Amino acid sequence: MIAVVAAIPQLQADTASFYKCQLDDKVVFSQQPCPTNFEEHRLDYKYGVTTVTDNQQGQNLLQQLLDNQTLTQEEFVKRVDQEIFRLQQRSSDLELIRNSELQKLDRQRFWKQESETSAEYQQQLQRLNRYYDEQLQQNNSKLELLRQHKQAALAQH
């Protein structure tokens, strides 16, 4: 019974959640959910794995921006530039998190005294890379769409 109680703080130390709150080019990290006007990314860390989750509001920002017909061309281009900057930052964040996860995976492999060619390690490596490749591909698709809309808006001027 004492061993179970003693293990609880260790389990809690292996689990953490925090929020990356972004408004334009300002970023704040918090243990509390973001204010409503901020874009929110929840970062969960559990058992050595970090998971990034965008909230629904953040996912709909791109579509809201492109659907908005009431903005002037100047304001539209300004907001598109801000969204491009945010998505470029997200790509950088994803690469940083991927590299961190790869290092953790490699440390685990080292301490288990597994070979780099072991089937389990290779499966974990492929799964991790596939996940981040998909995230980056989605992000890059949004970036390309925004760049096309920006060029179209500037061509109308």
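Residues numbered from 1 in each chain as written. Predicted model: local features only at pLDDT ≥ 70, side-chain atom pairs only at ≥ 80, totals over all residues. Heavy atoms only, no water.

This model, assessed by the stated rule, comprises 2 aromatic pairs. Considering the side-chain rings of Phe110 and Trp111, the 5.2 Å spacing of their centres and the 80° angle between planes classify their relative orientation as edge-to-face. The class for Trp111 is exposed, based on a relative accessible area of 69%. Each ring, one from Tyr131 and one from Tyr132, has its centre 4.9 Å from the other, and the planes form 85°; the classification is edge-to-face. For Tyr132, a relative accessible area of 3% translates into the label buried. (Phe/Tyr/Trp six-rings, centres within 6.5 Å; stacked < 30°, edge-to-face > 60°. Buried < 20%, exposed > 50% of the residue type's maximum accessible area, 1.4 Å probe, protein only.)

Phi at Gln113 is positive, roughly 60°, even though this residue is not glycine. Structurally, the position occupied by Gln113 is in the loop between α3 (73-111) and α4 (119-156). (Helix = DSSP H or I, 4+ residues; strand = E, 2+ residues; numbered from the N terminus.)

Now for the packing of α3 against α4. One way to put it is that α3 packs onto α4 with a least axis distance of 10 Å and a crossing angle of 170°. It follows that α3 is roughly antiparallel to α4 by the angle criterion. Partitioned by chemical class, the residues of the contact of α3 with α4 number 18 nonpolar, 9 polar and 12 charged. (Axes fitted to C-alpha atoms, helices over the stretch in contact; angles between N-to-C directions. Parallel < 35°, antiparallel > 145°, perpendicular 65-115°, else oblique. Nonpolar A, V, L, I, M, F, W, Y, C, P; charged D, E, K, R; others polar.)

Chain-level statistics for the chain give a pLDDT mean of 80 and a share of 77% at 70 or above. Note on residues 1-13: pLDDT under 50 across the span, and 1 contact to partners over four residues away in sequence or across chains. (pLDDT = per-residue confidence, 0-100. Contact = heavy atoms within 4.5 Å.)

Mapped onto the fold, Lys20 is located in strand β1 (residues 15-23). Aside from chain neighbours lying at most four places away, what touches Lys20 is Val27, Val28, Phe29, Cys34, Glu39, Glu40, His41, Leu43, Gln89 and Asp93.

Moving on, we come to the nonpolar core. Ranked by size, the top nonpolar core spans 10 residues in total: Leu66, Leu71, Phe76, Val77, Val80, Ile84, Leu87, Leu143, Leu146 and Ala153. If you list the elements that add at least two residues to this core, you get α3 and α4. It is α3 that provides the largest number of residues to this core, a total of 5 residues. If near-sequence neighbours (up to four positions away) are discounted, Leu66 is found in contact with Phe76, Leu145, Leu146 and His149. (Core = buried A, V, L, I, M, F, W, Y, C linked by side-chain atoms within 4.5 Å.)

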